[in-house]
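# Structural description and commentary
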Amino acid sequence: MTVNIQDIESDTLATSLDVMALYRTMLTARVMNDLLKTRKTQGKYPFYIGCAGHESMAAVIAALNETDWLALYYRDLAAWLQRTGDTYGPLREAYSRVTGPMNAGRNMPAHYSGRALRILPGVSEVAGLCPFAGGVGFSIQRERSDELVLCSTGDGGVATNDFNVLFRQASVHQLPVLMVVEDNSWAITMSGGQWAGSLVEWSRAGGVYAEEVDGSNVIATYESACRLVQHIRSGKGPALMHLRVGLLDAHSSSTDIKSYRKKEEIELTVATKDPVQNFGRWLIENGSLQESDIARMRKEIRADLERIEKEILLEPVPTADRVMNHQINVPIWQENTPRGALRPLTMLGAINEALVELAQRDPDFFVYGQDVGSPKGGVFGATASLVKQHPQQVISSPLNEQMIIGIVSGASMRAGKARCAEIQFVDYHQSATQTIRLAARFPYQTYGDWNSPLLIRTKSGSGGGGPISSSSAAGGGAFGHSNAGEQWFTNVPGLITVCPSTPFDAKGLLLESARAQSPVMFLERGRLYRSEPPKDAEGTAIQVMADYWHVPDGYYTLPLGKARRLRIGDGPVQVAIIAWGTMVLEACTAAANMVKHVDGAIEIVDLRTLIPFDQKAITAAVKEASRVIVVTEEIDLTSFGRHIHSWIVQNCFYDLDATPVLLSALAAPAAPYSTAEETAFYPSAATIETSIEDLLVE
Ligand SMILES: Cc1ncc(C[n+]2csc(CCOP(=O)(O)OP(=O)(O)O)c2C)c(N)n1
């Protein structure tokens, strides 16, 4: 039997609902919920979180097309079943089977995911998927597709920054996004208090059409979903459904319901807000079913699930040897000798060229960030050429870094290829920290089902883009404009971090970074944007570096994870200096000055990629020199520089003739603004020279 609801809003809505199929899906969700809950109680696995009361989400999914995208939350078992029909999947995940279609047994159950099914990887961070859903919507809109993205969360989720970011993404850009707030009026033990006033009015005032609907009434839920979907598909912008439901169970298997909910309230909720029961009654009243049919269906479903369970228990469980699988996706470099004519270029020029190359090669590639679409090309001018040549592919964003990362990451995931975010100053990435970390986690969490291409460029370290002046004024960036940044990113599993020191590297590494299927944090040093090659104390350019200020025309890539070894001076190497970014130039200046006084050469290992770093190059350089200095622009509190230093101690100890040195910025919050304090804060060529001297007498 079907209910024809075609004339709800317009005659283009050719949807009819198979109510019996929908009921069966919802009932299956409930029976599976009860089975999983029991098994958890029997100690068969560590955790379960239930869907009881939220099954009307199946009716919302029934109003969508299979090509629409879903970002579900942990109570959406019925939504999963409605989209996939897969009754094995949730059981496989509960029992941690490698056959689990969501996370191959790697994540807790109820984290719905599936790339082929267009279900974004569910996360435990409440509403953490929201910014990604906005990105999917952004890319749907750019490509003028008729898809949409549904993003669901609980009432607690509405209070998060992530949900508010999605709301802003959707409303500012008028994206095809359906936000569903499954309001069971609980957030663990907290009832209400997640927003003030009416959610619907708040939403409408912010430019998003919204409806409130009783989620215990399945037909009303479906009708509302159809209206909202119709609203979105007719190009009127995003929509929000405030779906009022009841939570029929405890928050999760870890919560004792009686410790925070009153008996009468639970009984009333169960009696009035059970969508499966209400829908069953409605079907009986309409003559489609009898009580006995429902009891029989329940029994059948339970028997079927128990049979499936038995099958699943014979399937393989994860083994310890796979624990590092899918940790990071570094692209395999393909040899491609640059063929274009060499021209002298600054790093900023090289970055401009790389972005134009990417835009030319892929018309759907775009850069998104604050001011990037202005003729100035962002505050540093990195996108100026793009604005001139491909204005449609460079879009200025509102001032919200989490919004930027979410848009770009979600769009990249939908495309399977990196799009580019610009974060104006690395200091300001901090509101997007969780989103970046989640993006880096997806390939691991989903056991490689989802990749996470995402290119984040950001100005970092000292300097505001002016010329480098062999080791003095660092630009006065002070607090908020001068952090090095690598300390924040190199400890995130799954994240690639790159920091070039020359224009040649900046272009080749940026182009290669865009090929990665794990997120890349591309740290551009402000002090190097317009820098000349480093010079010695007499003002002579250091030749081994100067060559890299000539940049080939056209497309070329350089391998990630590969350092460059630079030798300054002749004879046996006395000291190896491990550096990256601006500190490579400082180290070159120091080395060029020192080799005039000491016998032998000094080697500088320019890491270029910080994670994964080139262990072979470091090992070889330390072996040859037996003395090593690590120099970093970071402050000396659990920094990446400290990590490299510690790695050398642990892995190269027997090749060392002296204690390895770490040179870093001071452990103050940031470089002070005034020149004297700022100069004292950063390591410089002079600091490095002193350190070389000390090492050589040791
Ligand atoms: C960002 C974040 N903070 C805290 C938690 C711990 N936590 C897990 S579920 C939850 C309540 C969520 O409430 P709501 O969004 O209303 O969903 P419900 O569980 O009630 O369906 C909390 C606080 C979390 N997972 N993520």
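In what follows, the structure referred to is the one given above.
A brief structural summary. (Residues numbered from 1 in each chain as written. Predicted model: local features only at pLDDT ≥ 70, side-chain atom pairs only at ≥ 80, totals over all residues. Heavy atoms only, no water.)

### What about the site of the ligand?
Within the structure, the ligand sits among 15 residues, and Tyr73, Tyr74, Arg75, Gly156 and Trp186 are positioned closest to it. Between the ligand and Trp186, the relevant distance is 2.4 Å, taken from an oxygen atom to a main-chain nitrogen or oxygen of the residue. Bound to the protein, the ligand loses 71% of the 580 Å² it would expose on its own. For the shell around the ligand, the residue count by class is six nonpolar, six polar and three charged. (Near = heavy atom within 4 Å. Polar contact = N/O pair within 3.5 Å; in protein donor to acceptor, adjacent residues only side chain to side chain. Areas by Shrake-Rupley, 256 points an atom, 1.4 Å probe, with all protein chains shown as cover. Nonpolar A, V, L, I, M, F, W, Y, C, P; charged D, E, K, R; others polar.)

### Side note on helix 11 (residues 291–313)
In a regular helix each residue adds 1.5 Å, so 23 residues correspond to 33 Å; helix 11 covers 33 Å between its end C-alpha atoms and thus fits that length. Looking at helix 11, one finds that the buried residues are Asp293, Ile294, Met297, Ile301, Leu305, Ile308, Glu309 and Ile312. The inward-facing, buried residues of helix 11 contact helix 1 (19–41), helix 4 (88–94) and helix 10 (275–285). (Helix = DSSP H or I, 4+ residues; strand = E, 2+ residues; numbered from the N terminus. Expected span 1.5 Å × (residues − 1). Buried < 20%, exposed > 50% of the residue type's maximum accessible area, 1.4 Å probe, protein only. Contact = heavy atoms within 4.5 Å.)

### Some remarks on the sheet that holds strand 19 (residues 573–579)
Spatially, 18-20-19-22-23 is the arrangement adopted by the five strands of the open sheet, whose pairing is mixed. Each edge of the open sheet is held by one strand with a lone partner, namely strand 18 (564–568) and strand 23 (661–665). Along the sheet, successive strands turn relative to each other by an average axial angle of 20 degrees, direction set aside. Where strand 18 meets strand 20 (residues 601–606), five bridges bridge the pair, whose relative direction is antiparallel. Bridge assignment links Leu566 to a residue of strand 20, and that residue is Ile604. Together, strand 18, strand 19, strand 20 and strand 22 (628–635) form the strand contacts of helix 19 (residues 582–594), whose direction differs from that of strand 20 by roughly 175 degrees. (Pairing = 2+ DSSP bridges. Axes fitted to C-alpha atoms, helices over the stretch in contact; angles between N-to-C directions.)

### Details of the packing of aromatic side chains
Two aromatic rings, taken as a pair, are described by how far apart their centres are and by the angle between their planes. What the rule picks out here adds up to 21 aromatic pairs. On the numbers, 5.6 Å between centres and 75 degrees between planes, the contact of Trp186 with Tyr260 is edge-to-face. Of this pair, Trp186 sits in strand 6 (residues 186–187) while Tyr260 is found in the loop between strand 9 (239–244) and helix 9 (263–272), placing the two residues 74 residues apart along the sequence. With respect to class, Trp186 is no different from Tyr260; both count as buried. (Phe/Tyr/Trp six-rings, centres within 6.5 Å; stacked < 30°, edge-to-face > 60°.)

### Considerations on helix 19
With 13 residues, helix 19 ought to run about 18 Å at 1.5 Å a step, and its terminal C-alpha atoms sit 19 Å apart, in line with that. Within helix 19, 13 of the 13 residues are buried, which leaves it mostly tucked inside the rest of the structure.

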